[in-house]
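If you want the building blocks of each chain, they are given just below.
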Amino acid sequence: MVEKLVLVLTPVFAFFVGIFLEGFKRKMVARIHRRYGPPLHQPLLDIIKLLSKKENISHGVMFDLGPVILVGASILTVLFLPLPGFKQLTPHGDLIAFLYIMVIGSLGMALGAGESGNPNASIGIARALTLMLGYELPLIIAGNTLVLKYGTTDLTKFMTLQSGFHWNLFFLPLTAIAGFIATYGAMGEHPFDIFVAPQEVATGPMVEYGGKHLGLLMIGHAIQVYIETAFFTVLFLGGAANILTFILKQLGVIIVMTLFDTVLPRFKIENAVRYFWRWPTIIALLGLFIVYIGG
Amino acid sequence: MELQETLEEGYVEILDHLRKRSLWMLHYCTACGAIELPPTITSRFDAERFGIAPFVTSRQSDILLVTGYINIKTLKRLITVYEQMLPPKYVIGFGSCTINGGIYWDSYAVLKRLDLYLPVDVYIAGCMPSPMAVLEGFRTLMKLIDEGKANGWKKYIENYDYYKANQRKVLKW
Ligand code: SF4
C-alpha cells in the first residue's frame, strides 16, 4: 500500500523539485546578470497561467498528443530512477531500460510538433534529433563504463556501492566529465540550445504550441530537469542517503550547469555534433579504457 | 446555482491574481520606441522581477506591445498576430504615435489611433516613453488584470464588426 502511494507521489515530487530547480536557475541567471530576478516560484506561476488560458488551438490529433507523450514518458522515466530509501517501479532499476525510455519524450514531442506544419518547428525538430545523435554516444559509453566497473545495471546498487564518498566523480573523473557534458547537452543549455534558439527558429518545436499545450510541455520540462540532474547524481555523485541530500546534490549540478549556461554563446548544429563526437566521446573512451585495464 | 456562480467568481479572481504575475510579451518592434525595451528588460530596470519576459511567437504571448507608429502594411501583420494570440490577451500602445499619430500626424501612410483597429488596454504616453514609464504601464496593466478590468480581448469579440469595419476601411486604401 505504502509502496503504491510512493509510486503515485513520486512524479508529483519530481515535478515540484523540478520547479524549484528551474526557479533557482532563473534567479541565479538574474543574479549573474546583476538583476533582482523573478521569485523562486515563477515557473509555477507560468504554468498556472498557461493552463488557465481560455482557448486552445489545435493542428490535429498528434499535435495534441505530443505534450501528453512528453509528460507521460517523463513520468515513466521518473519511476525508473531510484530514490534514496524508497522502492520504485522495478527492484532492479535497469540502466539500459532507463536510457531507452529517456528519449521517448523527445520523440513524442517531435511527432506532435511535426504536425503543426510550421517550418520553424520542422527545423527545430531536425536539430533536436540531430543533437540527440550527438550526446547519446558519450552518455551510453559513460553509462556502460559504470556497468563494466560494477558488473550490474542496477541503478539502486550504483547508489549503495558509492556510499561513503566512493563517488565515481573522484574515482572515475574522466567518465564523470564525459557524463556531465552529455547530460548538459541533453538539458539543452547554452551552447547546445540549438533547437529552441528563440532568435533563429522562434523556440523551434514549441513555436505553434501555446496555452494548455505549452503548460503541459512546461510540466514535462520541469520533470525532465529533475530526471537529468537526478541521473547524474545517481551515476556520479554517489546517490544519497536521504532525500534532502539528494535534492542538495541536484542543486549542485544545476548550479554548475547554470554557470556554464549563462556565459556561453550558441553552437551551430554541425559544430555541436562534431564536438560531442570528439571531446566527450574521446574522454569517455579513455575512462572506459582505464576501467578495462584496472579491472 | 448561486453557490456555483460565487465559486466560479472566486476561482476567476484567484486566477487573475496569479495571472498578473506572469505576463509574456510579444514586442512588435517596428518603430523607434522599441529602443527603450532593452534597458527595461536588462539589468538596470529588470522587468523579469514582475514575471514579464520577452517571447518570440504569438501563440505563447499574453501582451502585444505595439511600439510606435503603425502604417497600413504593419496593421495587416498586427491584426494577424493579435488574432493568433490565445485569450486572455492584452494590448499595450507604446508611445504617442499609437495615441494620435505623434510626429506623423499629417502623414499619408501612418494611422493615427491604434484603438480604432485593436482593443488597447493600456497606453504609455511619451515620445519615446522612458523605461520608468514602460514599467509604470506594466504595473497599471497588472493592476487592471487584478481588478478584472483588462477586458480588451472580450471587447474585441463583442464588437468584432466594428473593429473589422474600421480595419477594412483602412486596408482598402
Ligand atoms: S512615439 Fe516617438 S519614439 Fe515612438 S514611434 Fe512615434 S516617433 Fe518613434
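One can find the structure itself at the top, above this paragraph.
Remember, it's a predicted structure, so these values are computed and weren't measured experimentally.

About the thresholds
Residues numbered from 1 in each chain as written. Chains lettered and ligands numbered in written order. Predicted model: local features only at pLDDT ≥ 70, side-chain atom pairs only at ≥ 80, totals over all residues. Heavy atoms only, no water. Helix = DSSP H or I, 4+ residues; strand = E, 2+ residues; numbered from the N terminus. Rg over C-alpha atoms; globule rule 2.2 N^0.38 Å. Buried < 20%, exposed > 50% of the residue type's maximum accessible area, 1.4 Å probe, protein only. Contact = heavy atoms within 4.5 Å. Areas by Shrake-Rupley, 256 points an atom, 1.4 Å probe, with all protein chains shown as cover. Lys, Arg positive; Asp, Glu negative; His and termini not counted. Charge placed at Lys NZ, Arg CZ, Asp CG, Glu CD. Patch = residues over 30% accessible without salt bridge, like charges linked within 9 Å, V, L, I, M, F, W, Y side chains within 5 Å. Salt bridge = Lys/Arg side-chain N within 4 Å of Asp/Glu carboxyl O. Phe/Tyr/Trp six-rings, centres within 6.5 Å; stacked < 30°, edge-to-face > 60°. Lys NZ or Arg CZ within 6 Å of the ring centre and 35° of its normal. Expected span 1.5 Å × (residues − 1). Bend = angle between axes of the 7 residues up to and from the residue. Polar contact = N/O pair within 3.5 Å; in protein donor to acceptor, adjacent residues only side chain to side chain. 1 Å grid on protein atoms, 1.4 Å probe; cavity = no way out; pocket = protein on both sides within 12 Å on 5 of 7 lines; lining within 4 Å. Points joined across faces, edges and corners; volume = space filled by probe spheres on them. Nonpolar A, V, L, I, M, F, W, Y, C, P; charged D, E, K, R; others polar.

(A) Geometry of the overall build of chain A. Scanning chain A from terminus to terminus reveals 13 helices and zero strands. Mapped in sequence order, the helices and strands of chain A form the string α-α-α-α-α-α-α-α-α-α-α-α-α. Against the compact-globule benchmark of 19 Å for 295 residues, chain A has a radius of gyration of 19 Å, which places it among compact chains. Once the C-alpha set of chain A is aligned to its principal axes, its extents read approximately 60 × 50 × 40 Å. Going through the 295 residues of chain A one by one, you find that 55% of them count as buried. Long-range contacts, defined as pairs at least 24 residues apart, comprise 79% of the intrachain contacts of chain A with a sequence gap of at least 6. Carbon and sulfur atoms form 73% of the exposed surface of chain A, whose accessible area is close to 12,800 Å². Looking at chain A, you have 20 positive and 16 negative side-chain charges, and the mean spots of the two groups are 8 Å apart.

(B) Structural context of a negative patch on the surface. Taken together, the side chains of Glu2, Glu5, Glu8, Glu9 and Glu13 of chain B present a region of like negative charge at the surface. Tracing the chain through its elements places Glu2 of chain B in helix α1 (residues 2-19).

(C) Summary view of the packing of aromatic side chains. Evaluated as defined, the whole model comprises 23 aromatic pairs over all chains. Pairing Tyr135 of chain A with Phe276 of chain A gives two aromatic rings, centres 6.3 Å apart and planes at 70°, and the pair type is edge-to-face. A residue pair is termed long-range when its members are at least 10 positions apart, and Tyr135 of chain A in helix α6 (residues 119-150) and Phe276 of chain A in helix α13 (residues 269-294) qualify at 141 residues. In this structure Tyr135 of chain A comes out as buried when scored by relative accessible area, which is 9%. Given the relative accessible area of 0%, Phe276 of chain A is considered buried. Centroid distance Tyr184 of chain A to Phe260 of chain A: 6.2 Å. Interplanar angle 75°. Geometry classified as edge-to-face. On the criterion of sequence distance, the pair formed by Tyr184 of chain A in helix α9 (residues 173-187) and Phe260 of chain A in helix α12 (residues 243-263) is long-range, its members being 76 residues apart. When its relative accessible area of 41% is taken as the criterion, Phe260 of chain A is described as partly exposed. Every member of this aromatic cluster is reached through a ring pair, and the members are Tyr135, Phe180, Tyr184, Phe192, Phe232, Phe236, Phe260, Phe267, Tyr275 and Phe276 of chain A. The cationic tip of Lys27 of chain A hangs over the ring face of Tyr36 of chain A; the distance from NZ or CZ to the ring centre is 4.2 Å. In this structure, Lys49 of chain A packs its charged tip against the face of Trp24 of chain B, placed 3.7 Å from the ring centre.

(D) Quick look at α6 of chain A. All names here are of chain A. For α6, with 32 residues, the first-to-last C-alpha span of 46 Å sits near the 46 Å given by 1.5 Å per residue. Helix geometry: α6 is bent most strongly at Tyr135, by close to 30°, with proline Pro138 lying one to four residues after it. A side-chain oxygen of the first residue of α6 lies 3.0 Å from the backbone nitrogen of Asn120; this N-cap is Asn118. At the C-terminal side of α6, Gly151 shows a positive phi close to 70°.

(E) Quick look at empty space enclosed by the protein. Counted by the stated rule, this structure contains one cavity of 30 Å³ or more. Approximately 30 Å³ is the volume attributed to the largest cavity. Lining the largest cavity are Lys49 and Lys53 of chain A together with Arg19, Ser22, Leu23, Asp62, Pro88 and Tyr90 of chain B. Within the lining of the largest cavity, the residues separate by chemical class into three nonpolar, one polar and four charged.

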